[in-house]
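# Architecture and fold: a report
Residue strings, one per chain:
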Amino acid sequence: MASPPIHIKILFLIGQLVLVLFYGTLGTVLTFLGFLRSGPNKFFRKVERSTPPPQALDPIYGEHKMIKLKSSGVTLHYVSKGTSDKPLMLFVHGFPECWYTWRYQMKYFSEKYRVVAIDQRGYGLSSKPSSISDYKVELLARDVADVIEQLGYKSCVLVGHDWGAIVSWTVAMLYPTLINKLVIMNVPHPKAFEANLSFRQLRRSWYMFFYQTPFIPELLFQSNDFEIFKQVFLGKPMGLINQNNLTRDDLEVFKYTFAQEGTAHAAINYYRALFRNQKEELQKRIIVPVLIVWGCQDGAIGEELADASTKYCSDVRLKKIRDASHWVQQDVPDEVNKYMEAFLNE
């Protein structure tokens, strides 16, 4: 894939800076107004969460373990069910989630696979490196590669959603021999995003520019005891269509993850690292078999980017689900599992 001319790159960087300044200022003003509206007691309210909620410890999902990665020394928390003689199905979560976002898939596929869902670096009980550069996507991909190898496998079925999909695309580019089949949910191939970027998509991606602002995004995210989780998962325009699939108890698992010191800062650093470390070599064509599952009622990413992603895959299937949100694996788990199973049985 040819690199764009230097003047295009310069214009792109200037455009990014303008949008960062605009949305950074707007987000800061809105955060301040939220503080005035709520008052300090409510805005800074925080519930103590020293132990995991009971549903996170349900043995139906498997055992909670830690693994220290050979390449970085980073320690990841993960949940695993199934014996090592079964093929590995590895799940990589997005933002603002954790391993628990895969609960429906873990229950469904655990009979035939060893299902493993990680908490990526920076999340929950996993290590939280301090530098923004520690969250470069190639390092996140190396984490996944290390997990596969250190669990004793030569390859796996890799499943990623949102930021987990960005990481999974990257694993497929850098370590294709580690992937038997790749399942992507609601995030386009990086090159498809860049090549099809529109003003409408820029508006949808406003939060990515806001997150380049220091300190304020973390403050907003943690305000009123992580009230943002209810807005993101249940409110418009991002919320689940089938809201009975995400209970108040389920939300507590995500809140527990982000209540661990440093998680909000680390998770937002993913976006900061993405803006500061853009590389052409991380936009390669995908040669492993790919299934893209796309919830079409996505308030953050346009459906057209799902179609565009197929151009950058050698062997791809695209399954769109009309009445599903960005959180497709939680929103319509039965349909998602059906499409995954058919793909895996090919």
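Above this text is the structure in question.
These numbers come from a predicted model, not from an experiment.

### Observations regarding the overall build of the protein chain
Secondary structure summary: the protein chain contains 15 helices and 8 strands in total. The C-alpha radius of gyration of the protein chain comes to 19 Å, within 12% of the 20 Å expected for a compact globule of 346 residues. Across its three principal directions, the C-alpha atoms of the protein chain cover 55 × 55 × 40 Å. At a minimum sequence separation of 6, the contacts of the protein chain that also span at least 24 residues come to 77%.

### Remarks on the nonpolar core
Of all hydrophobic cores here, the largest spans 111 residues; its most connected members are Met-89, Leu-90, Phe-95, Trp-169, Leu-182 and Met-340. Among all residues touching Leu-182, those that are not within four sequence positions of it are Leu-158, Ser-168, Trp-169, Ala-172, Ile-286, Val-288, Pro-289, Val-290, Leu-291 and Phe-343.

### Some thoughts on empty space enclosed by the protein
For the coordinates displayed, the defined rule picks out 1 cavity of 30 Å³ or more. A volume near 30 Å³ is recorded for the largest cavity. Considering the residues around the largest cavity, the lining is formed by Tyr-135, Lys-136, Val-137, Ala-273, Leu-274 and Asn-277.

### Comments concerning the environment of Thr-28
Within the element layout of this structure, Thr-28 appears in helix α1 (residues 6-38). With 225 residues separating them along the chain, Thr-28 and Val-253 place their C-alpha atoms 28 Å apart.

### Things to note about the sheet that holds strand β2 (residues 75-81)
On the basis of which strands lie adjacent, the open sheet formed by 8 strands has the order β1-β2-β4-β3-β5-β6-β7-β8 and mixed pairing. A strand with exactly one partner marks an edge of an open sheet, and here the two such strands are β1 (63-68) and β8 (316-325). Between one strand and the next, the sheet's axes are offset by a mean angle of 20°, whatever the strand orientation. As paired strands, β1 and β2 are joined by 6 bridges and run antiparallel to one another. Bridge pairing in β2 places Lys-68 opposite Thr-75. Contacting β3 (88-92), β5 (156-161), β6 (179-185) and β7 (290-297), helix α5 (residues 163-174) crosses the sheet at an angle of about 150° to β6.

### Notes on the state of the cysteines
Evaluation of the coordinates by the stated rule reveals 0 disulfides. For Cys-98, which is in no disulfide, the shortest distance to another cysteine sulfur is to Cys-156 and amounts to 20 Å. Among the cysteines around Cys-296, which has no disulfide bond, Cys-313 carries the closest sulfur, lying 17 Å off. When its relative accessible area of 12% is taken as the criterion, Cys-296 is described as buried.

### Quick word on unusual backbone geometry
Among all residues save glycine, negative phi is the norm, and among peptide bonds the norm is trans. The step from Phe-95 to Pro-96 runs through a cis peptide bond, and the omega angle for that step is -5°. Its location among the elements puts Pro-96 in the loop between β3 and α3 (103-109). Look at the link from Lys-236 to Pro-237: it is a cis peptide, with omega at 5°. Inspection of the secondary structure assignment puts Pro-237 in the loop between α10 (228-234) and α11 (248-259). The phi angle at Asp-162 is positive, at roughly 55°, despite the residue not being glycine. As for its position among the elements, Asp-162 is in the loop between β5 and α5. Owing to a relative accessible area of 8%, Asp-162 belongs among the buried residues under this scheme.

### Quick word on the packing of helix α9 (residues 216-226) against α11
Running from N to C, α9 and α11 cross one another at 125°; their axes reach a closest spacing of 12 Å. Between α9 and α11, the crossing angle belongs to the class labelled oblique. At the point where α9 passes α11, the crossing takes the left-handed sense. Residue-level inspection shows Phe-221, Asp-225 and Phe-226 of α9 in contact with α11, the latter providing Lys-255, Phe-258 and Ala-259. Class assignment for the residues of the contact of α9 with α11 results in 4 nonpolar, no polar and 2 charged.

### Points about a nonpolar patch on the surface
Taken together, Phe-22, Leu-26, Val-29, Leu-30, Phe-32, Leu-33 and Leu-36 make up a surface patch of nonpolar side chains, about 660 Å² in accessible area. Residue position: Phe-22 is located in helix α1. For Phe-22, a relative accessible area of 48% corresponds to the partly exposed category.

Conventions we followed
Residues numbered from 1 in each chain as written. Predicted model: local features only at pLDDT ≥ 70, side-chain atom pairs only at ≥ 80, totals over all residues. Heavy atoms only, no water. Helix = DSSP H or I, 4+ residues; strand = E, 2+ residues; numbered from the N terminus. Rg over C-alpha atoms; globule rule 2.2 N^0.38 Å. Contact = heavy atoms within 4.5 Å. Core = buried A, V, L, I, M, F, W, Y, C linked by side-chain atoms within 4.5 Å. Buried < 20%, exposed > 50% of the residue type's maximum accessible area, 1.4 Å probe, protein only. 1 Å grid on protein atoms, 1.4 Å probe; cavity = no way out; pocket = protein on both sides within 12 Å on 5 of 7 lines; lining within 4 Å. Points joined across faces, edges and corners; volume = space filled by probe spheres on them. Pairing = 2+ DSSP bridges. Axes fitted to C-alpha atoms, helices over the stretch in contact; angles between N-to-C directions. Disulfide = S-S within 2.5 Å. Parallel < 35°, antiparallel > 145°, perpendicular 65-115°, else oblique. Left-handed = near helix turned anticlockwise from the far one by under 90°. Nonpolar A, V, L, I, M, F, W, Y, C, P; charged D, E, K, R; others polar. Patch = residues over 30% accessible without salt bridge, like charges linked within 9 Å, V, L, I, M, F, W, Y side chains within 5 Å. Areas by Shrake-Rupley, 256 points an atom, 1.4 Å probe, with all protein chains shown as cover. Salt bridge = Lys/Arg side-chain N within 4 Å of Asp/Glu carboxyl O.

Interpretation in functional terms is not warranted from these geometric data alone.
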